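# Structural overview
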Amino acid sequence: MYGIIVYEEKDALYNRSFIEYLIEQGKKKGLTLELCLLEKFEFGISETGYVVRYDNKPFRRPEVVLYRCREYLLSRQFESMGIVVVNSSKVCEICNDKAATYQYVAKLGIHMVPSLFVKNNRLKEAIEYSKEAVVVKAVSGHGGSQVCLIHPDNKEEMKSCIVTMEGEDVVVQPLIKGREQDLRVYVIGGKIIAAVLRSANGDFRSNFSLGGSVELYSLSEEEREIVEAITSELALDYAGIDFIIGENGELIFNEIEDVVGARMLYQCSDLDIVPMYIDHILQKL
């Protein structure tokens, strides 16, 4: 069987070891995987159907696409051609837009941070209107990037935030007085694989990539039910569901990372999630 892994070039460089391990584990299980870069694809519609070219050459049709990008149009093209895509274009579209994610999850009755969806041209007005400290997040940000903390009447923080957002639409949220911890739950094929607790290191963001510490976490039955409410609603092939830890230890939904890595999990456990991911893909095929 033949499949491709699609990354943006800059992300492929950063995730080189992960990609090589995916290819290695796929080969062991009879799945030949090849890295393809998003920037080299050309795709569209002809008089007779769907057209895809790669690196100015005819596209070799795969049986599966491991889609590791944050824009959904190409993945939807593959699906329209009858190719299996993991994660799906629907997951990609929803989970890479924080406002869309909050809208989607809100119907599940899960504890969430109050969020105001703001167009970029109204960002300054929305910040000035707030009388409390707020967290501003670009709707397409990830890994703790394009996240700003702004205190009331702090003009420098506001100016810095506007520059950081680079024209992005945003969500504006109150600063939650929690434990400066959050929880990532790894999910494959809608099933919970593991959970990792991340603790901040002098930053209001607890992202591992920003210096936070990590440890394996055992979910309670109640916490598992919260996660399963999300996985039963949204078909996640491989993703991380993130929660803020509130003052009383409660889970507060934060976001879903559909282009999730595995550095944290390998850092704090002996679980090998990549072969599990390959097994899920083969079962799906």
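See above for the structure.
Treat the numbers as computed from the prediction; the structure is a model and nothing was measured. Counting of residues starts from 1 at the beginning of each chain's written sequence and follows it residue by residue. Since the coordinates come from a predicted model, pLDDT governs what is reported: local features require at least 70, and pairs of side-chain atoms require 80 or more to be given and counted, while whole-chain, interface and lining totals use all residues. Side-chain metrics rest on all non-hydrogen atoms present in the structure, leaving aside hydrogens and water.

### Details of the packing of aromatic side chains
Between the rings of Phe, Tyr and Trp (Trp by its six-membered ring), a pair exists once the centres lie within 6.5 Å; its type follows the angle of the planes, with under 30 degrees stacked, over 60 edge-to-face, and the other angles tilted. The full count for this structure, using the stated rule, is seven aromatic pairs. A ring pair is formed by Phe41 and Phe78, whose centres lie 5.8 Å apart and whose planes are at 75°; its orientation type is edge-to-face. With Phe41 in strand S3 (residues 41-45) and Phe78 in helix H3 (residues 73-80), the pair connects residues that are 37 residues apart, well separated along the chain. Buried means the residue's accessible area, taken with a 1.4 Å probe over protein chains only, is under 20% of the maximum for its type, while exposed means over 50%, and partly exposed covers the values in between. By relative accessible area, which is 0% here, Phe78 ends up buried. Between Tyr238 and Tyr277 the ring centres are 4.8 Å apart and the planes differ by 40°, which places this aromatic pair in the tilted class. Remark: Tyr277 occurs in helix H10 (residues 273-284) and Tyr238 occurs in strand S15 (residues 238-245); sequence separation between them is 39 residues. By the ring-pair criterion, three or more aromatic residues cluster together here, those being Phe41, Tyr54, Phe59 and Phe78. To qualify as a helix, a DSSP run of H or I must reach at least 4 residues; to qualify as a strand, a run of E must reach at least 2; elements of each kind are numbered from the N terminus.

### Observations regarding empty space enclosed by the protein
The distinction between a cavity and a pocket rests on a 1 Å grid over the protein atoms alone: a 1.4 Å probe fits inside a cavity but cannot get out, while a pocket stays open yet meets protein on both sides within 12 Å along at least five of seven lines, and a residue with an atom within 4 Å of a point counts as lining. Grid points are joined across faces, edges and corners, and a volume is the space filled by probe spheres set on the points. For the structure on display, the rule yields one cavity of 30 Å³ or more. Here the largest cavity is characterised by a volume of approximately 80 Å³. Taken together, Arg70, Cys95, Asn96, Lys98, Val139, Ser140, Gly141, His142, Glu255, Ile256, Glu257 and Asp258 make up the lining of the largest cavity. Considering each element in turn, the lining of the largest cavity owes the most residues, three residues, to strand S16 (residues 251-257). By the convention adopted, Pro, Cys, Tyr, Trp, Phe, Met, Ile, Leu, Val and Ala count as nonpolar, Lys, Arg, Asp and Glu as charged, and the other residues, Gly among them, as polar. Looking at the lining of the largest cavity residue by residue, the class counts come to three nonpolar, four polar and five charged.

### A short note on a negative patch on the surface
Patches here: salt-bridge-free residues with over 30% relative accessible area, like charges joined within 9 Å, nonpolar side chains (Val, Leu, Ile, Met, Phe, Trp, Tyr) joined within 5 Å. The Shrake-Rupley method, run with a 1.4 Å probe sphere, supplies the accessible areas, and residue values consider only the shown protein chains as cover. By definition, a salt bridge exists where a carboxyl oxygen of Asp or Glu is found within 4 Å of a side-chain nitrogen of Lys or Arg. For the charge count, each Lys or Arg is scored as positive and each Asp or Glu as negative, with His and the chain ends excluded. Charge coordinates come from a single atom per side chain, which is NZ of Lys, CZ of Arg, CG of Asp or CD of Glu. A grouping of Glu221, Glu222, Glu225 and Glu228 is seen on the molecular surface, where their side chains present a negatively charged patch. For Glu222, the location among the structural elements is in helix H8 (residues 221-231). Residue Glu222 is classed as exposed on the basis of its relative accessible area, which comes to 59%.

### Some details on the pattern of salt bridges
Summed over the entire model, instances satisfying the criterion amount to 19 salt bridges. One salt bridge connects Asp55 with Lys57, and the closest N-O pair in it is separated by 3.7 Å. Residue Lys57 is classed as partly exposed on the basis of its relative accessible area, which comes to 48%. Connected via shared salt-bridge partners are Lys10, Asp11, Arg70, Asp182, Arg184, Arg198, Asp242 and Glu257.

### Some details on the packing of helix H2 (residues 16-28) against H10
Orientation is described by axes fitted as lines to C-alpha atoms, over the contacting stretch for helices, and by angles from 0 to 180 degrees between their N-to-C directions. Remark: H2 packs on H10, axes separated minimally by 9 Å, with the N-to-C direction vectors making an angle of 55°. Considered as vectors, H2 and H10 are oriented oblique to each other. The interaxial crossing formed by H2 with H10 has right-handed handedness. For the pair H2 and H10, the contacting residues are Phe18, Tyr21, Leu22, Gln25 and Gly26 in the first and Val274, Pro275, Tyr277 and Ile278 in the second. Partitioned by chemical class, the residues of the contact of H2 with H10 number seven nonpolar, two polar and no charged. Roughly parallel means an angle under 35 degrees; roughly antiparallel, over 145; roughly perpendicular, 65 to 115; everything else is oblique. Less than a right angle of anticlockwise turn of the near helix away from the far helix marks a crossing as left-handed, whereas a clockwise turn marks it as right-handed. In this analysis, two residues are considered to be in contact whenever any of their non-hydrogen atoms come within 4.5 Å of each other.

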